[in-house]
Amino acid sequence: MLCRLLHLFRLLLHAVVRYTASMKRSEKAPPIETVAALRTGRTTANGSSVDLTTVERVQAMVLGWYAAHARHFVWRVPNPDPYVVLVSETMLQQTQTARVQERLPSFLQQFPDFTALAAANNATIVRAWQGMGYNNRALRLRDCARAVVDRFAGKLPDTADDLRSLPGLGPYTVSAILSFAFHRDVIVLDVNVQRLYSRLFLNLQTTLDVMPEAQLLQVATEVYPRGRSSEWHQACMDIAAEFCTARSPRCLFCPIAKACHSAFGLAEAAPPHVSEPSYRGKPNRIWRGRIIELLRDLGPDQTMALAELRNRLFVTEEEPDVPWLENILRALERDGLIEREQATDRIRLHS
Ligand code: SF4
């Protein structure tokens, strides 16, 4: 009985999706002029490439949804500490939001401000980074804190030029800080927002398609409501994360489906396989992470014999394990993550 009900429910759901899709395609809604203009390189009569009427409608939909459904994070408060914004944005670059949400409070407890972070040595900061992966980020963040202390008296500067002069801050992080920490009117274009804009304003065919960069910049510049950059971009990030996902967009539940040119029409496509240096079937970055994990468990004054490290990694002393491991260790040394006592063949986290 339950199976039959489930089957009927699935049939009903598919029928609703098909019906909504056909309605969407036959709506003959006036094209968003932005898209036509950008595609053909034309501009509208008033010199703008965006149909402002449509944009206002999109803005109302996005911000209306956000007012009721915004995700809550430790770093998302009305007037966030610029230091917390920098730390969270650095963590979020290659780590999932749930993990950052979990790890950020203890990191901030240990390093409450730029001065505390600047004083940390390599081993201390790498230990505090546990569970985040990509440990080089931790060192870059600490180096940035040292520059903020040395050159800006421990206060994060609030201009694009000064932020760009700090080590490790790329264009995305600079704009995120200006928008989220200092409420400046700037565009914030991460990969999620790029995906959302592309699908929203173009009739795309597959989940891999994106708007060309020049068009994206133009749309991004015109679409966000002035004075509300922070709120707008965080709203777009939430919608992208919750509905407009990379592989399987959930158009049926999406709050902006009625304005979206790609709604219900995207064919799922697998991203091309990107090969990376690997050994014994695992990427080298996983091996690097394992080595750091093993050394992180040591006390501050302890070292580990290379032979023990090999055993714990399940690699042998035979070729080709030896030269491969040597290369990995040399790279970790170069990055400032480990140090090695050549005479005793023992290693530890870099102090
Ligand atoms: S309707 Fe679908 S494709 Fe359009 S923004 Fe929403 S989830 Fe993405």
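Sequence order sets the numbering: in each chain, residues are counted from 1 along the sequence as written. The predicted nature of this model means local features are confined to residues of pLDDT at least 70 and side-chain atom pairs, given and counted, to a pLDDT of 80 or more, with totals for whole chains, interfaces and linings taken over all residues.

Time to look at the packing of helix α4 (residues 82-92) against helix α10 (residues 171-181). Axis lines are fitted through C-alpha atoms, for helices just across the contact stretch, and the angle between N-to-C directions can take any value from 0 to 180 degrees. Secondary structure is summarised from DSSP: a helix means a run of H or I of at least four residues, a strand means a run of E of at least two, and numbering begins at the N terminus for each. Packing of α4 against α10 brings their axes to within 10 Å, and their N-to-C directions diverge by 140°. Judged by the angle between their axes, α4 and α10 are oblique. Considering how the two elements wind past one another, α4 and α10 form a crossing that is right-handed. Contacts from Pro82, Val85, Leu86 and Glu89 of α4 reach α10 at Thr173, Ala176, Ile177, Phe180 and Ala181. When its residues are assigned to classes, the contact of α4 with α10 shows seven nonpolar, one polar and one charged. Orientation categories follow fixed angle ranges, with anything under 35 degrees roughly parallel, anything over 145 roughly antiparallel, 65 to 115 roughly perpendicular, and all other angles oblique. A crossing counts as left-handed when the near helix is turned anticlockwise from the far one by less than a right angle, and as right-handed when that turn is clockwise. The contact rule is simple: place each C-beta atom from the backbone, and if two of them lie within 7 Å, those residues are in contact. Nonpolar residues are Ala, Val, Leu, Ile, Met, Phe, Trp, Tyr, Cys and Pro. Charged residues are Asp, Glu, Lys and Arg, and all others, Gly as well, are polar.

Expected span of a helix, by definition, is 1.5 Å for each gap between consecutive residues, and there is one gap fewer than residues. If you check helix α16 (residues 321-334), its first and last C-alpha atoms are 20 Å apart, about what 14 residues at 1.5 Å a residue would give, namely 20 Å. Labels follow a simple rule on C-beta atoms placed from the backbone: if 20 or more others lie within 10 Å of a residue's own, it is buried; if 12 or fewer, it is exposed; otherwise it is partly exposed. Residues of α16 that are buried include every one of Leu325, Ile328 and Leu332, and no others. Taken around the axis of α16, the buried residues stretch over an arc of 60°, which confines them to a single face. The exposed residues of α16 that point more than 90 degrees off its buried face are Pro323, Glu326, Arg330 and Arg334. At its buried positions, α16 is contacted by α14 (284-296), α15 (306-313) and β4 (338-341). Looking one or two places after α16, you find Gly336, whose phi comes out positive at around 80°. Along the arc lie the directions from the helix axis toward the C-beta atoms.

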